[in-house]
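Chain and residue survey
Single-letter residue listing:
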Amino acid sequence: MKYKLSNVLLAVMLLVLVGLLLAHHSPSAIFDMSKRFTLTGTVTKVDWINPHIVVFMDAKGASGAMENWKFESNPPAWFRRLGVGRADFAKAIGQTITIEGVRARDGSLYGYLQKITFTDGNSLELINPSDNK
């Protein structure tokens with residue numbers, strides 16, 4: 001009985017580990033990193049959560065209709081190392097910002113934030129080390 005229980009526990013631990021490894025992904029798996037675009041709109045919400053913060057914004061689409069965009073970014077710890085906190089993003093809610101990023105491969109209104117410029121002109125750019133080669 002003890003042997004069976006330890007095997008079951010080991011199997012569960014392995015499944016959890018595999019799940020954690022699969023949960024972390026490269027941005028290029030979801031986003032087309034070769035097609036950068038710029039979008040200006042109003043911040044509606046910011047989720048300051050791990051593993052990545054998420055910025056939601058409303059922006060006019062090509063047809064003139066309002067589109068609700070979702071942009072994934074780096075983890076909160078990355079921003080904190082730069083001296084940028086949750087309050088900095090909270091101040092942007094309701095403000096017009098400009099985001100440079102790449103769009104999801106499936107064409108949805110989902111992108112990976114590579115640069116954000118706030119209303120006051122301050123900006124943050126996420127640098128990909130491979131871009132500096």
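Residues numbered from 1 in each chain as written. Predicted model: local features only at pLDDT ≥ 70, side-chain atom pairs only at ≥ 80, totals over all residues. Heavy atoms only, no water.

Regarding the overall build of the chain
A count of helical and extended segments in the chain gives three helices and six strands. Written out in order from the N terminus, the α and β elements of the chain read α-β-β-β-α-α-β-β-β. Counting across all 133 residues of the chain, residues that qualify as buried make up 29%. For the chain, restricting intrachain contacts to residue pairs at least 6 apart in sequence, the fraction spanning at least 24 positions comes to 55%. (Helix = DSSP H or I, 4+ residues; strand = E, 2+ residues; numbered from the N terminus. Buried < 20%, exposed > 50% of the residue type's maximum accessible area, 1.4 Å probe, protein only. Contact = heavy atoms within 4.5 Å.)

Here we look at unusual backbone geometry
Of note, the bond from Asn50 into Pro51 is cis; its omega dihedral lies within 30 degrees of zero at 10°. Topologically, Pro51 is positioned in the loop between β1 (31-47) and β2 (54-60).

Some remarks on the confidence of the model for the chain
Summing up the model confidence of the chain, the mean pLDDT is 83 and the portion of residues at 70 or higher is 76%. Taken as a whole, residues 129-133 scores under 50 in pLDDT and shows one contact with residues more than four places along the chain or in a different chain. (pLDDT = per-residue confidence, 0-100.)

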